[in-house]
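# Observations on the three-dimensional arrangement
If you want the building blocks of each chain, they are given just below.
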Amino acid sequence: MRLSKCFKHALNMVVHSQLRSWLTILGIVIGVASVIAIMSMGAGLEDDITSRLSNSGADIVTITAGYSRAFDFGPGRDWGGGGSVATEEEIVLDRSDLQALRGLADISLINPTISGNAEVYYLGKKGSVRVTGVDTSVWPQITTEEIAEGRMLGPADSNVIVIGGSIADGFFEKPVGLNQMLTIEDRAFRVVGILDTNSMEIVMPLMATYQVLDDKEMDVYDSFVVKIKNEDDLETAIANIEEKLMLTRHVTAKDKDFSVSNPKEQAEIRAEMMSSMTAFLTAIAAVALLVGAVGVANTMFTSVLEKTKEIGIMKALGAKNRDILTLFLLNSVLIGLIGGLIGIFFGYLLSGFLPGLMGQGGVAGRLASSSVVTLQSVILAISISVVIGTLSGAIPAYQASKLKPVDALRYE
Amino acid sequence: MKKLNLTVKPRNDFNGAKSIISLRNVYKTYQMGEVKVHALRGVSLDIMQGDFVAIIGASGSGKSTLMNLVGCLDIPTKGEIFLKGQNITHLSESRLSSLRGRTVGFIFQQYNLIPNLSAFQNVLFPLELQEFNDSLAKKRARELLQLVGLSTKLNNLPSQMSGGEQQRTSIARSLAADPEVILADEPTGALDSVTGREVIEMLQKLWKNDGKTVIMVTHDLKLARYAHRHVELKDGEIIRTENNINMIQVKNGGNKK
């Protein structure tokens, strides 16, 4: 029989097959969908990290007060809300630290920042927004964010702000455009720029920020964002910064009370963490796929048994062993392929949801917007499902082809 | 009844006819657990081209085994079988299959249509196996279903047809690849007497008008009266081979459908 006819009959077998075949297909769908979803997440993650490494400047180092491995959660940060009052014991970064850093040859730019939450009003609506005060002459050169509309802050700016894309679009009832006025803690600011990110942040001149955030003391900073002169000397520069600050702050390596982030190290740690998570999830997905494959094999065995008499009839009508083999193998491949295609579709949907399910916060949350269904993973999933179909169908199809017509015809 | 594209041969003179199937001292033994069952013991038989033979016998006489061998569905334990002069005893299964597909058309007691295929697709199936040209095959399948009076049921699945209709579909299917031999195994066994008679008359017409060699296996002596020649089996041996002098002949053109 011609291959096209075999294909037609195999498709007919799938279409006319019982619920069982569809359940088998479901097994493959689940396996392929999870593989696709996880691989897409992994790919998205890779893109994310790569772009972070290249854009976000591997030459930017952040110095915060307090010693913690996760620099983001150092005690130097004030998470807003309540009026936490700076006590004498509180560890802070101040003017002397800034002076010390200015004296380092490794550093080309220093952006001292403070940040906190502030009440923001716009056309009668209010909300709590994170505001960050920056050195307006340094920030445009050191930030990794890009302006979508308007301009960056400049050295002469005082009562103007740059807002994140999310603040502009969705935060208040009406979108905030350029030159609109926002009221932050009773002071009015004009919007001069909108950032090209989903950020919910307002960037403003440092001096204005001190006035807006009550609990901040003049010349006390939350962090220094520092640009290293030569990216290749990052390690040395970090070592120099640490040495210098330890000296001015009168601390040793043991009771160090500040942290210097290493962007490369962080990216590496994150990449490592995410790749092992992806590997773990892929392993689970692979198990799902394996179970699906066993399901196909099981269905094919049952199907051959069920169709024994039909096989006998086909042979009586002149079907060769090869015809029967091709027919059943194609049937199995089709089950795999249909499962694979539906699986890719669901995997694509899932890749949008999964990071959200894993929690919006942190790395996973960021992935929600960045998972990528690559052509590579689609091709891989299709080939895997076809291979599964072929392998699981091979033995049953061979058995079917070897049936003796007399015995098969007699089978009830 | 529409004629098939075959030359009509003279019916009553077989002196010049060639043997289309020959069995030479054929034995068939089955192993049933520890017991050996001798289904056929030394059967020799010549079936002439263009003959209508009824193989009769009680159940267990070996007639089904004989049918399987004659239809190339099985090979003998001992002895030789010739189909159109070719010794098929040692043919590979695939060679046997393609020979069978071209030469023998089967009609079964339980119709044995493929349940997922429509009447039309069932008739088409042997043609697809023989890799016929697509449009020719479809044309032929349609013609054959018309021939058996089922032109309105082309797209019915077997489950949507009566027993008689299914058997007529299976007759159309047996004719699809234009085989020389039609092998019918209790073709009316599952049908009521009226539809049964329609079917047997159809078989006789195939023999009479279209020159097919018809071999019918039955235990029903009434049915056997439609055949031209009787071969009677008992306990795996042929006990009687003779022309049927009381043959019931369907009048030419007197078809009901």
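Residues numbered from 1 in each chain as written. Chains lettered and ligands numbered in written order. Predicted model: local features only at pLDDT ≥ 70, side-chain atom pairs only at ≥ 80, totals over all residues.

## Observations concerning the overall build of chain A
A tally of regular secondary structure across chain A gives 13 helices and 12 strands. The contacts of chain A with a sequence gap of at least 6 include a subset with a gap of at least 24, amounting to 82%. (Helix = DSSP H or I, 4+ residues; strand = E, 2+ residues; numbered from the N terminus. Contact = placed C-beta atoms within 7 Å.)

## A short note on the overall build of chain B
Summing up its helical and strand segments, chain B has 7 helices and 10 strands in all. Residue burial in chain B is summarised as follows: out of 257 residues, 47% are buried. Sequence separation of at least 24 residues holds for 69% of the intrachain contacts in chain B that already meet a minimum separation of 6. (Buried ≥ 20, exposed ≤ 12 C-beta atoms within 10 Å, placed from the backbone.)

## Describing the packing of helix H8 (residues 263–306) of chain A against helix H12 (residues 375–402) of chain A
Residues and elements named next belong to chain A. It is at 9 Å that the axes of H8 and H12 come closest, and there the two elements cross at 30°. Of the possible angle classes, the one that applies to H8 and H12 is roughly parallel. Crossing hand, H8 versus H12: right-handed. In contact with Leu289, Gly292, Ala293, Val296, Ala297, Met300, Phe301 and Val304 of H8, H12 contributes Ile384, Ile388, Gly389, Leu391, Ser392, Gly393, Pro396, Gln399 and Ala400. A class-by-class count of the residues in the contact of H8 with H12 yields 12 nonpolar, 5 polar and no charged. (Axes fitted to C-alpha atoms, helices over the stretch in contact; angles between N-to-C directions. Parallel < 35°, antiparallel > 145°, perpendicular 65-115°, else oblique. Left-handed = near helix turned anticlockwise from the far one by under 90°. Nonpolar A, V, L, I, M, F, W, Y, C, P; charged D, E, K, R; others polar.)

## Focus on the sheet that holds strand S3 (residues 52–56) of chain B
All names here are of chain B. The 6 strands are arranged S6-S7-S8-S3-S9-S10 in an open sheet whose pairing can be described as mixed. Edge strands, defined here as strands with exactly one partner in the open sheet, are strand S6 (104–107) and strand S10 (237–243). Averaged over all neighbouring strand pairs, the angle between strand axes comes to 15°, with direction disregarded. The sheet contact formed by S6 and strand S7 (residues 181–185) spans 4 bridges and is parallel. When the sheet's bridge partners are listed, Phe106 is paired in S7 with Leu183. Packing of helix H1 (residues 63–70) onto the sheet brings it into contact with S3, S7, strand S8 (213–218) and strand S9 (229–234), and relative to S8 it is tilted by some 155°. (Pairing = 2+ DSSP bridges.)

## What about the pairing of S3 of chain B?
Residue and element names in this part refer to chain B. Most of S3 sits out of view: 5 of its 5 residues are buried. Alternating positions in S3 separate into two faces, Phe52, Ala54 and Ile56 on one and Val53 and Ile55 on the other, with burial throughout. Where S3 meets S8, 5 bridges bridge the pair, whose relative direction is parallel. Within S8, the position partnered with Ile56 by the bridge is Thr218. Strand direction decides the pairing type here: S3 and S9, joined by 4 bridges, are parallel. Each residue of the ladder has a partner; that of Ile56, found in S9, is Glu232.

## Thoughts on the packing of helix H5 (residues 163–176) of chain B against helix H6 (residues 193–210) of chain B
All names here are of chain B. At a minimum axis distance of 10 Å, the contact between H5 and H6 shows a crossing angle of 10°. In terms of orientation, H5 lies roughly parallel with respect to H6. Contacts between H5 and H6 involve Gly163, Gly164, Gln167 and Ile171 from the first element and Thr195, Glu198, Val199 and Met202 from the second.

## Here's the deal with helix H2 (residues 93–103) of chain B
Restricting attention to buried positions, one finds in H2 of chain B the residues Leu96, Ser97, Arg100, Gly101 and Thr103 of chain B. In the core, the buried residues of H2 of chain B are packed alongside helix H9 (308–316) of chain A together with strand S4 (78–83), S6, helix H3 (119–129) and S7 of chain B.

## Here we look at the sheet that holds S4 of chain B
Residues and elements named next belong to chain B. Strand order in the open sheet made by the 4 strands is S2-S1-S4-S5, with antiparallel pairing throughout. Each edge of the open sheet carries a strand with a single partner, namely strand S2 (35–48) and strand S5 (86–87). Note that strand S1 (residues 19–32) and S4 share 5 bridges and pair antiparallel. Across the sheet, residue Ile21 finds its bridge partner in S4, namely Leu83. Against the sheet, H1 engages S1, S2 and S4, with an angle of about 125° to S1.

## Describing the interface of chain A and chain B
With 19 residues of chain A in contact, the opposing surface of chain B contributes 21 residues. Of all the secondary-structure elements, those providing two or more residues to the side of chain A that touches chain B are helix H1 (3–15), H9, helix H10 (321–357) and helix H13 (405–410) of chain A. When residues of the side of chain A that touches chain B are assigned to their parent elements, the largest contribution, 4 residues, is made by H9 of chain A.

## Regarding the nonpolar core
By size, the foremost hydrophobic cluster in this structure holds 124 residues, and its most contacted members are Ile55 and Leu203 of chain B. Residue contacts for Leu203 of chain B: discarding those within four places in its chain leaves Ile182, Ala184, Pro187, Val214 and Met216 of chain B. (Core = buried A, V, L, I, M, F, W, Y, C linked by C-beta atoms within 7 Å.)

## Concerning the confidence of the model for chain A
Residue and element names in this part refer to chain A. Here chain A averages 82 in pLDDT, and 87% of its residues register 70 or above. Within the model, pLDDT remains below 50 along residues 69–88, and this stretch shows 34 contacts once partners closer than five positions in the same chain are excluded. For the stretch residues 359–368, pLDDT sits under 50, and the model shows 16 contacts to residues farther than four places along the chain or on other chains. (pLDDT = per-residue confidence, 0-100.)

## As for unusual backbone geometry
Most of the time, phi is negative for any residue but glycine, and the peptide bond is trans. All names here are of chain B. The backbone of Tyr111 shows a phi angle near 65°, a positive value even though the residue is not glycine. Topologically, Tyr111 is positioned in the loop between S6 and H3. The residue Asn112 is not glycine, and still its phi comes out positive at about 50°. With 22 C-beta atoms packed within 10 Å, Asn112 lands in the buried category.

## As for the confidence of the model for chain B
Residue and element names in this part refer to chain B. Taken over all residues, the pLDDT of chain B has a mean of 87, while the share at 70 or more is 91%. Between residues 1–14, whose pLDDT stays under 50, and residues either more than four places distant or in other chains, the model counts 20 contacts. Scoring the predicted complex yields pTM 0.69 and, for the interface, ipTM 0.88.

## Looking at the environment of Leu375 of chain A
Residue and element names in this part refer to chain A. Note on placement: Leu375 falls in helix H12. According to the C-beta neighbour criterion, Leu375 is exposed, with 7 such atoms within 10 Å. In the structure, Leu375 is positioned 335 residues away from Ser40 in sequence and 10.0 Å away in space, judged by C-alpha atoms.

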